Amino acid sequence: EWQPTFELEAPAGSAVIVYPGMVHETASIGEGCSSSISQTFEVPVAAAYYRAFWPRFALIQEDVGMCGDVVETMVTLNSGRRVKPAQEVQALKSATAFAKKVDADGDGVASKEEIAAMAFRPTRHGEQRTIEELVSFHDMDQDGSVTAKEIEDSWVMFATAQHRAGAKHGKIQEL
């Protein structure tokens, strides 16, 4: 049986916010009527949250697992590029090529100007990620800058997560 990590009681008229992809349940403990409403908000996008948990979320076939296009858009800096599901060695080759294209001056850091040069092409759904969202997604050490290595790591994370998810759901044959 599932055991919750947290429990709380919400006073009448209050709201509880739960991040996307977090397993949760509600129970009415009073004698009166209660309601539970779920709503997913798209803005602001939970960029760092998606980056941290995508390998787990990719395995889910509903709810947050359906956000692959949102995450792929951040991985590719809104460039319109597609990330093929791949095992780590192949993913790293593609990631390195992409990171070199982003880091135009070759200094190892993707400046906001270099990111902007790749970004701001509308996604398939007409969305555009902001520079702040893209930096938040890639900046794993939270120093305020994005390195070519962080871009590579994000690409590899996404490609391998999609590969594992595809293998789990019979969409990709393991070699």
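Below: a short report on this structure. Treat the numbers as computed from the prediction; the structure is a model and nothing was measured.

The backbone of L77 sits at a positive phi, close to 55°, despite the residue not being glycine. Position of L77 relative to the elements: it lies in the loop between α2 (68-75) and α3 (88-102). You can call L77 buried: its relative accessible area is 0%. The phi dihedral of N78 is positive, around 60°, even though this residue is not glycine. Tracing the sequence through the fold places N78 in the loop between α2 and α3. Overall, N78 belongs to the buried group, its relative accessible area being 2%.

Before going further, it helps to spend a moment on the side chain of E72. As for its position among the elements, E72 is in helix α2. The class of E72 is buried, set by a relative accessible area of 5%.

Next up on the list: the nonpolar core. Residues Y50, W54, M74, L77, I115, F137 and I151 are the most contacted members of the largest nonpolar core, which totals 38 residues. Mapped by element, the contributors of at least two residues to this core are α1 (47-57), α2, α3, α4 (112-118), α5 (131-138) and α6 (148-168). Take this core: its biggest share by element is 9 residues, from α6. For F137, the residues in contact, after removing those within four places along its chain, are A47, A48, Y50, R51, V71, M74, V75, S154 and M157.

Further remarks concern the packing of α2 against α6. Contact geometry for α2 and α6: axes closest at 10 Å, N-to-C directions at 155°. The angle between α2 and α6 falls in the class roughly antiparallel. Read as a crossing pair, α2 and α6 show a hand that is left-handed. Two secondary-structure elements touch here, α2 through G68, V71, E72 and V75 and α6 through S154, W155 and F158. Partitioning the contact of α2 with α6 into residue classes produces 4 nonpolar, 2 polar and 1 charged.

Inspection of the secondary structure puts A48 in helix α1. Taking C-alpha positions, A48 is 7.6 Å from H138, a pair spaced 90 residues apart along the chain. With residues near it in sequence (within four places) discarded, A48 still touches S136 and F137.

Reading the values: the criteria
Residues numbered from 1 in each chain as written. Predicted model: local features only at pLDDT ≥ 70, side-chain atom pairs only at ≥ 80, totals over all residues. Heavy atoms only, no water. Helix = DSSP H or I, 4+ residues; strand = E, 2+ residues; numbered from the N terminus. Buried < 20%, exposed > 50% of the residue type's maximum accessible area, 1.4 Å probe, protein only. Core = buried A, V, L, I, M, F, W, Y, C linked by side-chain atoms within 4.5 Å. Contact = heavy atoms within 4.5 Å. Axes fitted to C-alpha atoms, helices over the stretch in contact; angles between N-to-C directions. Parallel < 35°, antiparallel > 145°, perpendicular 65-115°, else oblique. Left-handed = near helix turned anticlockwise from the far one by under 90°. Nonpolar A, V, L, I, M, F, W, Y, C, P; charged D, E, K, R; others polar.

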